[in-house]
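Residue strings, one per chain:
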Amino acid sequence: MAIDRTPVLKRCRQLGIDPIVMGINKESKRKVQRRRRQESEYGAQLREKQKAKFIYGVLEKPFRNYYDKADMMKGMTGENLMIMLERRLDNVVFRMGYARTRREARQVVGHKHIAVNGKIINIPSHQIKAGDVVEVKEASKNIQRFKDIQEITAGRLTPEWVDVDKENLKGTVSALPRREQIDVPVDEMLIVELFSK
């Protein structure tokens, strides 16, 4: 299994992303001022694709598969792509506040702490549907890790499409997210232009 081990703050600086989008409340102490050449059209499109891949923790081949599925669906391909990425189980766990970052959410899912509709699922890319109940399994609710996470994520806003019971570490996906509800700084139209060449 391939893993992206790039330091998060360094990659955020390269892509021009605020680290808070990644769930990290830090700033890099380095203030490197480099003169950038004017970015080409292809460069801008590639940067948006790299941003989306990095934010959601998806590698190249799975990302391409998401694009192909989004292209076959009804509606706008870019919006479909962003909604599919947002529906990933690791992202939903992050949005519900059961993890500090998406990387930690991926780990929590992989370590079998999360149940969907009462069934334990350890696949971070599992697509969540409207009406699914996502919760931390009973045996894991008393682990100190989740108590610490609850304290840290207590002030985090949850999206409108998710209903969360923070006391019982249980949440319901009330509806599928719409593009205007996804607060990720990615211009999906540039990704569509890149892949449609």
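All figures in this text were calculated on a predicted structure; none of them were measured in a lab.

(A) Inspection of the layout of surface pockets at higher detail. For the second largest pocket, the calculated volume is near 510 Å³. As for the second largest pocket, its lining consists of 21 residues, and the residues nearest its centre are Ile 20, Gly 23, Phe 94, Arg 156 and Leu 157. Of the residues contributing to the lining of the second largest pocket, the split by class is 9 nonpolar, 6 polar and 6 charged.

(B) Quick peek at the pattern of salt bridges. A full pass over the atoms with the stated rule returns 15 salt bridges. Here Asp 183 and Arg 95 are joined by a salt bridge, their closest N and O atoms 3.0 Å apart. Pair noted here: Asp 183 is in the loop between strand 5 (170-173) and helix 8 (188-195) and Arg 95 is in helix 5 (residues 89-96), with a separation of 88 residues, a long-range link. Taking the relative accessible area as the measure of exposure, Asp 183 reaches 55% and is therefore exposed. Judged by relative accessible area, Arg 95 falls into the buried class, the value being 11%. For Lys 141, the salt bridge goes to Glu 135, with nearest N and O atoms at 3.9 Å. Residue Glu 135 is classed as buried on the basis of its relative accessible area, which comes to 14%.

(C) Structural view of unusual backbone geometry. Phi at Lys 112 takes a positive value of approximately 65°, unusual for a residue other than glycine. The topology assignment puts Lys 112 in the loop between helix 6 (102-110) and strand 1 (114-116). In this structure, Leu 169 is a non-glycine residue whose phi angle is positive, near 50°. Counting through the fold element by element, Leu 169 comes out in the loop between strand 4 (162-165) and strand 5.

Quick notes on the rules
Within every chain, residues take consecutive numbers counted from 1 along the sequence as written. Reporting of local features is limited, given that this is a predicted model, to residues whose pLDDT is at least 70; pairs of side-chain atoms are given and counted only at 80 or more, and all residues count toward the totals for whole chains, interfaces and linings. The side-chain figures draw on all heavy atoms in the structure; neither hydrogens nor water molecules are used. Here the term cavity refers to a set of points on a 1 Å grid, laid over the protein atoms alone, in which a 1.4 Å probe fits but cannot get out; the term pocket refers to an open set having protein on both sides within 12 Å along at least five of seven lines, with lining residues being those that place an atom within 4 Å of a point. Grid points are joined across faces, edges and corners, and a volume is the space filled by probe spheres set on the points. Each residue gets one of three labels, nonpolar for Ala, Val, Leu, Ile, Met, Phe, Trp, Tyr, Cys and Pro, charged for Asp, Glu, Lys and Arg, and polar for the others, Gly among them. Salt bridge, as applied in this entry: a Lys or Arg side-chain nitrogen positioned within 4 Å of an Asp or Glu carboxyl oxygen. Helix and strand definitions here come from DSSP, where helices need a minimum of 4 consecutive H or I residues and strands a minimum of 2 consecutive E residues; each element is numbered from the N-terminal end. Each residue is placed in one exposure class: buried if its accessible area under a 1.4 Å probe, protein chains only, is under 20% of its type's maximum, exposed if it is over 50%, and partly exposed if it falls in between.

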